[in-house]
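Overview (structure and organization)
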Amino acid sequence: MNSNDTFRPAAHPHDDADSGITPGGTTGAFRDVLAKDHARRGKPPLHFADMTVDEREERAKELGMPRFRVKQLANHYYGRFDADAADFTDLPAALREPVQEAFFPILIDEVTRQVADDGQTIKTLWNLFDGSKIESVLMRYPNRTTLCISSQVGCGMGCPFCATGQLGLTRNMSTGEILEQVRIAAGMMARGEVAGGPGRLSNVVFMGMGEPMGNYRAIVSAVRQIGAMPPDGFGISTRNITVSTVGVVPGIRRLAQEGLPVRLAVSLHAPNDDLRDELVPMNRRFNVDQVLDAAHDYYLASKRRVSIEYALMRGINDQEVHARQLANKLNHYGDNWAHVNPIPLNPIEGSKWTASKPEDEARFLEILHDAGITATLRDTRGQDIDGACGQLAAKTIDMTMPQRS
C-alpha cells in the first residue's frame, strides 16, 4: 500500500471522521471544497439507528422500561418501517411520548416530492434538523426497486460537471439520517404508495449527494443495518447495496477489510491523469492507477465485480482514444473484474458540459466490447426532474410553478 493510502482521521474534532473532511482533504494536492456554512454545522439528535444495543437498553432503563421493549421498538422500526411511537400499540400509552422523544426524533422532513416515469421515479427533497437540504431518488423497475440515497449535505469533491459538487460540503449526515431515507422508501413500497402497487425495496445505492468515503463510519454502520434481518436491520441483501466513490483510496482499502459483500462503484470518468485531474479533482491526490489498483484489490477481497462509472461528455472524454485507453487500463489486470457503466451526462443548469452524441456513445461501447470489457449504457431515470446522476442539488421548489428544480 502506498504510504499516502493510510487511513488516519485527524484528531481535531472538526477534522475527524465525523466532520466530512476526507482523509488528507485539508492539505496537499487536493482539498475538500467547503460550503460557507461548513464551520457552523452541528450534530443531529441521537436516533435509535445511531445507538448500539447497549445504548438502547441503557436509554430504555432511564425511562423505566424493561430490556425486552428495545426489541419491540426494533421490530417496529426495521420490520414495519414505523417510527411513530403513537402507533406502537404494544407499548403502554404512557410510554409512547417518552419513547418518541428518546428514540425517534424526526431527522428528515419532506419538503417536496417530484414524480417522473409514470409515477415510478420519485425524487424527494428533505429538510434536516439544521435547515440543511438533501435529496433521495426512488426508482421502480420491472424486476427491482432501487433507492439512491445521500450520505453528506453537499459534497466536497468539486467535480465541475456535477450539480452536487458545486454546492461544497456542509457536513456529514448521521447514520440515523441516512437510514431514515431507507425506512421511509421501504414503507412507501410496502404500502403501495409507488405506481405499480405494493412491493419491496430491493436495492440501495449510495450515489446521492456526497462522497460516501468521506463519511465512512456512518455509511458502514448504515450498510450493516440495511443488510441485517429484522429486528436488527431492514433485511435488504447486502449484495444489493452499492457504495460509490470518486476514488478515495483509503476508504476503498478499508471497505475491502469489512467483510461486507457490497458492490463498489468507482466514478472514474476519465482514463488518464491529465483529463481526470480536470474532471475529478480528487485525482490530484489519488491518481488513476492508484484508484484502479485499490478497486481491483477490492474485487479480489470481495469477489464482487467493481462498477466503473463513466459520464460521457461531448468532445471531452468520449472519443475512440479514450475508450481504448480505458480498455487498456482495465485489461491490465488480466481478469474480468470490472463492469463499465457509461452514463450519458445529465446536463446541469449553466454548465458547459453536455451529453455525448449518440453515435459517439455507441462507438465508445463498441470499442469496450471489442476489447472484452463488459459494459452497459446506464439508464438515466428522473432526468426531467433533475433526479438523475449528477443532478441532485437540493433546491427548494416553488410549488406555485411547474415542478422542475
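Being a predicted model, the structure only gives us computed values, none of them experimental.

Observations concerning the overall build of the protein chain
Assigned secondary structure in the protein chain consists of 10 helices and 12 strands. Looking at the protein chain as a whole, 56% of its 405 residues qualify as buried. A sequence separation of at least 24 residues applies to 68% of the contacts in the protein chain between residues at least 6 apart. Accessible surface for the protein chain amounts to roughly 16,900 Å². Of this, 48% is attributable to carbon and sulfur atoms.

Examining the packing of aromatic side chains
Tallied over the full model, the rule gives 13 aromatic pairs. Summarising the aromatic geometry, the rings of Phe 88 and Phe 104 are spaced 5.9 Å apart at their centres and angled 90 degrees between planes, so their arrangement reads as edge-to-face. Of this pair, Phe 88 sits in the loop between α2 (68-79) and α3 (93-103) while Phe 104 sits in the loop between α3 and β1 (108-116), and the two are 16 residues apart along the sequence. For Phe 104, a relative accessible area of 2% translates into the label buried. With 6.3 Å between their ring centres and 50 degrees between their planes, Phe 103 and Phe 104 make a pair best called tilted. Judged by relative accessible area, Phe 103 falls into the buried class, the value being 0%. Feature note: the residues Phe 48, Tyr 77, Tyr 78, Phe 81, Phe 88, Phe 103, Phe 104 and Phe 234 constitute an aromatic cluster, connected by ring pairs. Residue placement shows Arg 56 over the ring face of Phe 48; its charged tip is 3.9 Å from the ring centre. In this structure, Lys 352 packs its charged tip against the face of Trp 353, placed 4.7 Å from the ring centre.

Focus on the confidence of the model for the protein chain
Looking at the protein chain as a whole, its pLDDT mean stands at 90, while 89% of the residues score no less than 70. Residue range residues 1-16 is modelled with pLDDT below 50. Its contacts to residues more than four positions away, or to other chains, number 25 contacts. Counting contacts from residues 396-405, a segment whose pLDDT is below 50, to residues more than four positions away or on other chains yields 20 contacts.

Some words on the environment of Arg 140
Of note, Arg 140 is situated in strand β3 (residues 133-140). Put simply, Arg 140 and Ser 202 are 62 residues apart on the chain and 9.6 Å apart in space, counted from C-alpha to C-alpha. At 2.6 Å, the side chain of Arg 140 and the backbone oxygen of Gly 197 are in polar contact. Polar side-chain contacts of Arg 140 include one of 3.5 Å to the backbone oxygen of Pro 198.

Observations concerning the sheet that holds strand β8 (residues 241-245)
Taking strand neighbours across the sheet as the criterion, the 10 strands line up as β1-β2-β3-β4-β7-β8-β9-β10-β11-β12 in an open arrangement whose pairing is mixed. The two strands at the open ends of the sheet, each matched to only one other strand, are β1 and β12 (374-375). Bridging between strand β7 (residues 203-206) and β8 involves 3 bridges; their strand directions are parallel. Considered in β8, the bridge of Val 205 is made with Thr 242.

Comments concerning empty space enclosed by the protein
Within this structure, the stated rule accounts for 1 cavity of 30 Å³ or more. Considered as a void within the structure, the largest cavity measures approximately 60 Å³ in volume. The wall of the largest cavity is formed by Ile 122, Thr 124, Trp 126, Ser 136, Val 137, Leu 138, Leu 147, Gln 181, Ile 184, Ala 185 and Met 188. Within the residue set of the lining of the largest cavity, elements represented by two or more residues are β2 (121-128), β3 and α4 (175-190). When grouped by side-chain class, the residues that make up the lining of the largest cavity number 8 nonpolar, 3 polar and no charged.

A look at the pairing of strand β6 (residues 168-172)
Regular strands place their side chains on alternate faces of the sheet. The element β6 is extensively covered by neighbouring structure, given that 5 of its 5 residues are classed as buried. As paired strands, strand β5 (residues 152-155) and β6 are joined by 4 bridges and run antiparallel to one another. When the bridges of β6 are listed, Cys 155 appears paired with Gly 168.

Structural notes on a negative patch on the surface
A cluster of acidic side chains, namely Asp 54, Glu 55, Glu 58 and Glu 62, defines a negative patch on the protein surface. With respect to the secondary-structure elements, Glu 62 resides in helix α1 (residues 53-62).

With respect to the nonpolar core
With 107 residues, the main nonpolar core has Phe 206, Ile 308 and Trp 337 as its most contacted residues. Setting aside its immediate chain neighbours within four residues, Phe 206 contacts Ile 149, Ser 151, Ile 178, Pro 212, Ile 219, Ala 222, Val 223, Ile 226, Ile 241, Thr 242, Val 243 and Ser 244. Residues Val 137, Met 139, Cys 148 and Val 205 belong to the second largest nonpolar core, which totals 5 residues.

Topic: the state of the cysteines
Taken as a whole and judged by the stated rule, the model has 0 disulfides. Note on Cys 159: no disulfide assigned, nearest cysteine sulfur contributed by Cys 162 at a separation of 6.4 Å. Classification of Cys 159 as buried rests on a relative accessible area of 8%.

Brief notes about the pattern of salt bridges
Scanning the entire structure with this criterion turns up 14 salt bridges. Among the ionic pairs, Glu 177 bridges to Arg 171, the shortest N-O distance being 2.9 Å. Like Glu 177, the residue Arg 171 is buried in the burial classification. Among the salt bridges present, the one from Asp 297 reaches Arg 253, with a minimum N-O distance of 2.9 Å. A residue pair is termed long-range when its members are at least 10 positions apart, and Asp 297 in helix α8 (residues 288-302) and Arg 253 in helix α6 (residues 249-256) qualify at 44 residues. Here the salt bridges do not stand alone but share partners, grouping Glu 320, Arg 324, Arg 363 and Glu 366 into one network.

Cut-offs used in this document
Residues numbered from 1 in each chain as written. Predicted model: local features only at pLDDT ≥ 70, side-chain atom pairs only at ≥ 80, totals over all residues. Heavy atoms only, no water. Helix = DSSP H or I, 4+ residues; strand = E, 2+ residues; numbered from the N terminus. Buried < 20%, exposed > 50% of the residue type's maximum accessible area, 1.4 Å probe, protein only. Contact = heavy atoms within 4.5 Å. Areas by Shrake-Rupley, 256 points an atom, 1.4 Å probe, with all protein chains shown as cover. Phe/Tyr/Trp six-rings, centres within 6.5 Å; stacked < 30°, edge-to-face > 60°. Lys NZ or Arg CZ within 6 Å of the ring centre and 35° of its normal. pLDDT = per-residue confidence, 0-100. Polar contact = N/O pair within 3.5 Å; in protein donor to acceptor, adjacent residues only side chain to side chain. Pairing = 2+ DSSP bridges. 1 Å grid on protein atoms, 1.4 Å probe; cavity = no way out; pocket = protein on both sides within 12 Å on 5 of 7 lines; lining within 4 Å. Points joined across faces, edges and corners; volume = space filled by probe spheres on them. Nonpolar A, V, L, I, M, F, W, Y, C, P; charged D, E, K, R; others polar. Patch = residues over 30% accessible without salt bridge, like charges linked within 9 Å, V, L, I, M, F, W, Y side chains within 5 Å. Salt bridge = Lys/Arg side-chain N within 4 Å of Asp/Glu carboxyl O. Lys, Arg positive; Asp, Glu negative; His and termini not counted. Charge placed at Lys NZ, Arg CZ, Asp CG, Glu CD. Core = buried A, V, L, I, M, F, W, Y, C linked by side-chain atoms within 4.5 Å. Disulfide = S-S within 2.5 Å.

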